[in-house]
Amino acid sequence: MHLILMGPQGSGKGTQAGRLAPRLGLVLVATGDLFRRAIAAETALGHQIKAAYDRGELISDDLTVALVEEKLDELSAERALGTGVAGALYDGFPRTRLQADALDAALTRREEAISTVIQIDVPRQTLVNRLAGRRVCTICDTVYHIEFNPPREEGVCDRCGGEVRQRPDDTPAAIEKRLDLYELETAPLLAHYRDRGLMAVVNGVQAIDLVTRDIERAVKGTATTR
Ligand code: ADP
Ligand code: ADP
Ligand code: ZN
């Protein structure tokens, strides 16, 4: 199964992905998390992308696709070992038409295909409020909100005890820029997947648990078993 979560920044993709991946037995492919790791670890990739990342700009399609291909190779290796991984869950990828086409090609080469694309629907004003209060664990990427979903102890991750912090790119200016980029580059992909009959829309303005429930229902209703 290859499940894509789509929706603007703040729609809850990361929150839902963290809950759904273990429940559905999927490997999480969250390109934003992978880029943040690379920057924190000061890898060659990290140095290459830091400036664009900090400005809230998209990383080049070449680098992004290469990173995802690496994850798909890891997935194939795990499956070859007979682990129970059922597929992958994509959060924040694809964001451009070129990335979408590259993902199709990469899956076709592996004799696999996208099962379902979930669009999490949330209006823009709600997004800005959510992003301004977002906090993220620096170790395990669990997503919190200072008001809507706070950790039990302020600044400490419930799951791993890591430090929970605001992301440096969650400033008002970078948030507006990323939302504009979403409209420009990523929103057109929704029609692309809808036309292929792969899309299910879920109402993202309800309690986190209910959004998870609706996504699971949509997955069961539409997904092929590949
Ligand atoms: P948000 O959803 O708030 O933008 P993400 O964690 O998904 O946060 O992404 C953070 C940053 O990582 C983006 O602003 C961009 O620089 C980079 N990034 C993540 N995914 C992609 C992608 N698919 N293509 C290009 N850049 C990406
Ligand atoms: P995305 O990955 O799409 O950018 P996140 O999962 O990071 O979105 O969520 C953005 C912010 O909104 C986080 O602070 C998160 O805790 C909060 N959030 C996510 N889902 C909900 C929800 N259903 N109701 C209220 N707040 C939410
Ligand atoms: Zn953590």
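Further up the page is the structure itself.
Residues numbered from 1 in each chain as written. Chains lettered and ligands numbered in written order. Predicted model: local features only at pLDDT ≥ 70, side-chain atom pairs only at ≥ 80, totals over all residues. Heavy atoms only, no water.

**Q** Quick rundown of the packing of helix H6 (residues 124-132) against helix H7 (residues 172-195)? Include the residues and the values.
**A** As a packed pair, H6 and H7 sit with axes 11 Å apart at the nearest point and diverge in direction by 140°. When the axis of H6 is compared with that of H7, the two are oblique. For the pair H6 and H7, the crossing hand works out as right-handed. When H6 is examined against H7, the residues Arg124, Leu127, Val128, Leu131 and Ala132 are found in contact with a partner set consisting of Ile175, Glu176, Leu179, Asp180 and Glu183. (Axes fitted to C-alpha atoms, helices over the stretch in contact; angles between N-to-C directions. Helix = DSSP H or I, 4+ residues; strand = E, 2+ residues; numbered from the N terminus. Parallel < 35°, antiparallel > 145°, perpendicular 65-115°, else oblique. Left-handed = near helix turned anticlockwise from the far one by under 90°. Contact = heavy atoms within 4.5 Å.)

**Q** Which residues make up the site of ligand 1, and what values go with them?
**A** Around ligand 1 lies a shell of 17 residues, among which Thr31, Arg36, Glu57, Arg95 and Arg178 are the nearest. Within the backbone of Glu57, one N or O atom sits 2.5 Å away from an oxygen atom of ligand 1. For ligand 1, an oxygen atom lies 3.0 Å from a polar atom in the side chain of Arg167. The fraction of the free accessible surface of ligand 1 (540 Å²) that becomes covered by protein chains is 97%. If you tally residues by element for the shell around ligand 1, the top one is helix H2 (residues 31-40), at four residues. (Near = heavy atom within 4 Å. Polar contact = N/O pair within 3.5 Å; in protein donor to acceptor, adjacent residues only side chain to side chain. Areas by Shrake-Rupley, 256 points an atom, 1.4 Å probe, with all protein chains shown as cover.)

**Q** Could you give me a rundown of the coordination of the zinc ion (ligand 3), with the residues and numbers involved?
**A** The coordination sphere of the zinc ion (ligand 3) contains the protein donors Cys137 (SG), Cys140 (SG), Cys157 (SG) and Cys160 (SG), at a distance range of 2.3 to 2.4 Å. Geometry at the zinc ion (ligand 3) is tetrahedral, judged from its four donor atoms and the angles of 101 to 115° they form at the metal. The motif formed by the donor residues of the zinc ion (ligand 3), counted along the single chain, is C-x2-C-x16-C-x2-C. (Donors = N, O, S within 2.8 Å, 3.2 Å for Na, K, Ca; no water. Tetrahedral: all angles 85-135°; square planar, octahedral: opposite > 155°, others 65-115°.)

**Q** Describe in detail the sheet that holds strand E8 (residues 199-203), supporting the description with residues and values.
**A** Taken in spatial order, the five strands make up an open sheet running E2-E3-E1-E4-E8, and their pairing is parallel. Whereas interior strands pair on both sides, the edge strands pair on one side only; in this sheet they are strand E2 (26-30) and E8. Neighbour-to-neighbour, the strand axes of this sheet turn through a mean angle of 20°, independent of strand direction. Across five bridges, E2 lies against strand E3 (residues 87-91) in parallel orientation. If you follow Val27 over to E3, its bridge partner there is Ala88. The sheet contacts of H2 involve E2 and E3, and relative to E2 the element is tilted by about 65°. (Pairing = 2+ DSSP bridges.)

These figures come from the coordinates and say nothing about function on their own.
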